[in-house]
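Fold and contact review
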Amino acid sequence: MRVYLDHSATTPVDPEVAALMMTYYTEKYGNPSSVHSFGREAKQALEQARSQVAELIGATPQEVTFTSGGTEADNLAIIGTAEALRKKGKHIITSCIEHHAVLETCEYLGKNGFDLTVIPVNEEGILLVEDVKKAIRPDTILISVMHANNEVGSIQPIAEIGKLAKEHGITFHVDAVQSLGKIPINVVEMNVDLLTISSHKIYGPKGVGALYIRKGVRIVPLVHGGGQEKRRRSGTENTPGIIGFGKACELAGQRMADDAKHQTKLRDKLMNGIQERIEYVKVNGPLGEKRLPNNVNVSIRYVEGESLLLSLDMLGIAASSGSACTSGSLDPSHVLLAMGLIHEIAHGSLRFSLGRQNTEEEIDYLLEQLPKIVERLRMMSPLYDQVIHMKQA
Amino acid sequence: MRVYLDHSATTPVDPEVAALMMTYYTEKYGNPSSVHSFGREAKQALEQARSQVAELIGATPQEVTFTSGGTEADNLAIIGTAEALRKKGKHIITSCIEHHAVLETCEYLGKNGFDLTVIPVNEEGILLVEDVKKAIRPDTILISVMHANNEVGSIQPIAEIGKLAKEHGITFHVDAVQSLGKIPINVVEMNVDLLTISSHKIYGPKGVGALYIRKGVRIVPLVHGGGQEKRRRSGTENTPGIIGFGKACELAGQRMADDAKHQTKLRDKLMNGIQERIEYVKVNGPLGEKRLPNNVNVSIRYVEGESLLLSLDMLGIAASSGSACTSGSLDPSHVLLAMGLIHEIAHGSLRFSLGRQNTEEEIDYLLEQLPKIVERLRMMSPLYDQVIHMKQA
Amino acid sequence: MYTEKVMDHFTNPRNVGELENANGVGEVGNAKCGDIMRIYLDIEGDIIKDVKFKTFGCGAAVATSSMVTEMVKGKTIDEALVISNAAVAEALGGLPETKMHCSNLAADALHKAIEDYRNKQQKKE
Amino acid sequence: MYTEKVMDHFTNPRNVGELENANGVGEVGNAKCGDIMRIYLDIEGDIIKDVKFKTFGCGAAVATSSMVTEMVKGKTIDEALVISNAAVAEALGGLPETKMHCSNLAADALHKAIEDYRNKQQKKE
Ligand SMILES: Cc1ncc(COP(=O)(O)O)c(C=O)c1O
Ligand SMILES: Cc1ncc(COP(=O)(O)O)c(C=O)c1O
């Protein structure tokens, strides 16, 4: 049995999407910049994809710039704004739970003449609008806050921050990589100026993303060259990938409500099941409406995350963890630490992210196996000794 | 009949490559950063692809950094070197026939505190090593010269420039997008520090490329985030695309000699055929060994390039042109102008770029149709009047 | 890229050629920019009896030239003078944005030809 | 990522547990870093008669702990002292680069346990 519960890391490509892409790899392979019929058929499909993407976020097609993924879109949004507005100001606000694509980019700017304010979050992993308000300075040029967090699924008060940014005339960037296709997004209602999305999290291909750039918002390109994407992003367009992304957006729009219902049910079953079956477990992130329908995140005390992952993997179950050991860094998840977890507990966290294809049976299988794994690792753990001794006493 | 003669713009994906990619879209879809088996199988294939790419250019796998295409690789090479060495110097040397991905990037740096020297070319579209030598200054940090030109197929004296750069301790970047898979490349023998390649020009997928970064050469990343590609290029890896690129490199290595032979034959047939059948034609670029095996470029006087393209297109023949009208700019090809062509003649140029699948029959068909098209357009052209009058006199 | 109407006019341009007995000729553009249009008029009284063109240029240049000749044949000079470049583009169902400025000059050539006709008439008088 | 040998030692770790009658115990790492290894030795004369471990940590931490216990069982103290972290990693067929520093501490724990044994012996004397 192979059970994939890591959809926040990446998703399989929908077969319908993959089949469509194939056509553009082997038959309609023209370069969309070319004058001839091969070029024109590619160009037409490219523009249709742009409309499909725009539709899902409430934008116009002209406001969609395709990139090589969410990371590049985040970089384009942040560096592009900083370069465009550097004469206006040097202050950038972001949150402490952003994805590395935002945090590292902000820090890069921080080392190159910009000022950074990093807003904290509460114990649910949600940022307070009040804190953003307090951080605003006369020279603030950019606020970058994610829509939903990739580790704990916490949904941020984007519309309210958007209102605030608008009142102060500050460019507002939102990383919506994890929320796209899971909860509704409307860039107009949310007052967003720049919005990052990525294809491979919504059953589209890897290596494709987009940045929504509100009409009138100025941005300096990150990649220079042939002037594709209205000079905002040069490079021969990845037409098959973009067309796949467009189709994936269309499908996501059609299936969002059903997907959310299905996944919320599995999510709650899994979250409750773990708490019922395993002692010394902490659920990370908010409950109910403030949480993505597909995210489960728990800390399992006295054991380490990578060991849990490896053990699950041997049973065919794919998950992810906030353990430092899975990231190659020394510290565990910056998100869990920001939510107030101590290192020791953060190391033992697991994220299960659900997808369209997951079933109740798969969750049952996981709920049957996980307690055994935890038991085995705890018996091996020197940290668990105290608990055993307490129990024996 | 549909005849594709625009392989320098982009190529179809080889069916074997496409089939392999499919597996990684729909089955082995894991994120290569993930610990579980889905992640590991993706990671393993990714590293195999890195070896396949390295092999084709004489590099070690560790020296290959994957990007979203040739344009991004050019940007990473040039901006990354400039940022890394800005304390050492501010002078950059490039040539006037580079692709926009290099030229625009250099110009962007030129507007941001760097000094630029743009080397001219001779009437064959080849740059003189002597000119590069003269341009070197004590503060020169980068020389960027393409291996083969995309418009006229002229091959540059890379190994000699590499020797020069090495003697002066200057980082040497080569855009080899057009030469990859067509003529042998060896980064060691050529003394190259940074080499740009792109997948979609060698029967691999669009949206994938790589930058060879010689061991020890420092570069500042362009895209910040999760630290993939040894921190040189963040963003979830486009595994199916990269795996496709790897396979395409393997196939290119196996087929290079045959491809070159086949295409050189067609090239010469086409080049001679045009000159025999049409008056007032000029072949652009060098002849023989100094020209890519798959490039034909001719200027057809008294007619305009886009009109030629449209007329060919209606007969199913796909080509490209140096006409300003096909690029959205006002000037025709900067390459043809740099070679000394006057605007009037440059506007009427056509590029036919051959591919693996082209046949003698296709060339015959083209040679049959082109003279008729030219005749028709010339009869419409006010510039041709003088010729008619001369002939009548 | 181009509308069907543009492609039709490019493929089967109307009124290509010269007029031996033209009494008004107008040329715009230059080879450097990649577009030259020359329009020949045969005007009798106030009426454009015949019109022909020669064009060096892209698809849009050819199509607008052809279109404008169709639009003015049999019209009075005053009717011809109100035809703008934009009107020609519109009659073709629109042109790509990049072509609106550089290749959409056929009405200018027409106006120049009329001007040429008037100059010649004045000289005759 | 991990070699087969690492996965074998992670899945079926040898000598897990505590030794009631340990006369040398060594612990390295801390929970903050995500790795703690504790090694229990039962030494008689110069010989390590029995050894057990408890580890909180990633796959590499568990596997190196297990490996080191196998490597020293029945060995003399002097033989045990020359075992390095690198030797443990090598015995496992290598470790991923990122694991070489933070999770490859089992030999350190062993050496600490021997040190603890020697300290205790000295006190007895
Ligand atoms: C919140 C968030 N932002 C950005 C990214 C980066 O997107 P991509 O993987 O397309 O580079 C991810 C996923 O990795 C993410 O979860
Ligand atoms: C010489 C050269 N350099 C760079 C590029 C850009 O590569 P890509 O299309 O992969 O962005 C191209 C092709 O467009 C090219 O011909």
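Before reading further, recall that the structure is shown in the block above.
Just so it is clear, the model here is predicted, and its values are computed rather than measured. (Residues numbered from 1 in each chain as written. Chains lettered and ligands numbered in written order. Predicted model: local features only at pLDDT ≥ 70, side-chain atom pairs only at ≥ 80, totals over all residues. Heavy atoms only, no water.)

**Some details on the interface of chain C and chain B**
Listed as interface residues are 29 residues of chain C and, on the opposing side, 23 residues of chain B. Of the roughly 2000 Å² buried where chain C meets chain B, counting both sides, 66% is carbon and sulfur surface. Counting the surface chain C buries against chain B, the share from its top three residues, F10, K54 and F56 of chain C, is 30%. Counting across the chain C and chain B interface gives 3 salt bridges. A salt bridge links K54 of chain C to D385 of chain B; its shortest N-O distance comes to 2.6 Å. Across the chain C-chain B interface, the total number found is 12 residue pairs in polar contact (both at pLDDT 80 or more). Elements represented by at least two residues in the side of chain C that touches chain B include exactly α1 (4-11), β2 (35-44), β3 (47-56), α2 (59-72) and α5 (99-102) of chain C. For the side of chain C that touches chain B, the residue count by class is 16 nonpolar, 7 polar and 6 charged. (Contact = heavy atoms within 4.5 Å. Buried area = accessible area lost by both parts, 1.4 Å probe. Salt bridge = Lys/Arg side-chain N within 4 Å of Asp/Glu carboxyl O. Polar contact = N/O pair within 3.5 Å; in protein donor to acceptor, adjacent residues only side chain to side chain. Helix = DSSP H or I, 4+ residues; strand = E, 2+ residues; numbered from the N terminus. Nonpolar A, V, L, I, M, F, W, Y, C, P; charged D, E, K, R; others polar.)

**Observations regarding the pattern of salt bridges**
Enumeration over the complete set of coordinates arrives at 72 salt bridges over all chains. Between R214 of chain A and D193 of chain A there is a salt bridge, with its nearest N and O atoms 3.2 Å apart. Highlighted residues: R214 of chain A in the loop between β8 (209-213) and α7 (239-277) and D193 of chain A in the loop between β6 (171-175) and β7 (194-198), separated in sequence by 21 residues. According to the relative accessible area criterion, D193 of chain A is buried, its value standing at 14%. One salt bridge connects K269 of chain B with E360 of chain B, and the closest N-O pair in it is separated by 3.2 Å. One end of the pair, K269 of chain B, is in helix α7 (residues 239-277); the other, E360 of chain B, is in helix α11 (residues 360-380), and 91 residues separate them in sequence. Classification of K269 of chain B by relative accessible area gives partly exposed; the value is 26%. Linked through salt bridges whose partners overlap, the residues forming this network are D385 of chain A together with E18, E27, R38 and K54 of chain D. (Buried < 20%, exposed > 50% of the residue type's maximum accessible area, 1.4 Å probe, protein only.)

**Focus on the site of ligand 1**
Near ligand 1, the surroundings consist of 15 residues, among which T71, D175, S198 and K201 of chain A together with T236 of chain B are the closest. Near ligand 1, the surrounding residues belong to chains A and B. Within the side chain of D175 of chain A, one N or O atom sits 2.5 Å away from a nitrogen atom of ligand 1. Here K201 of chain A contributes a side-chain N or O atom positioned 2.9 Å from an oxygen atom of ligand 1. Notes on ligand 1: free accessible area 390 Å², of which the protein chains cover 95%. Among the elements that line the shell around ligand 1, the one with the most residues is helix α3 (residues 70-85) of chain A, at 3 residues. (Near = heavy atom within 4 Å. Areas by Shrake-Rupley, 256 points an atom, 1.4 Å probe, with all protein chains shown as cover.)

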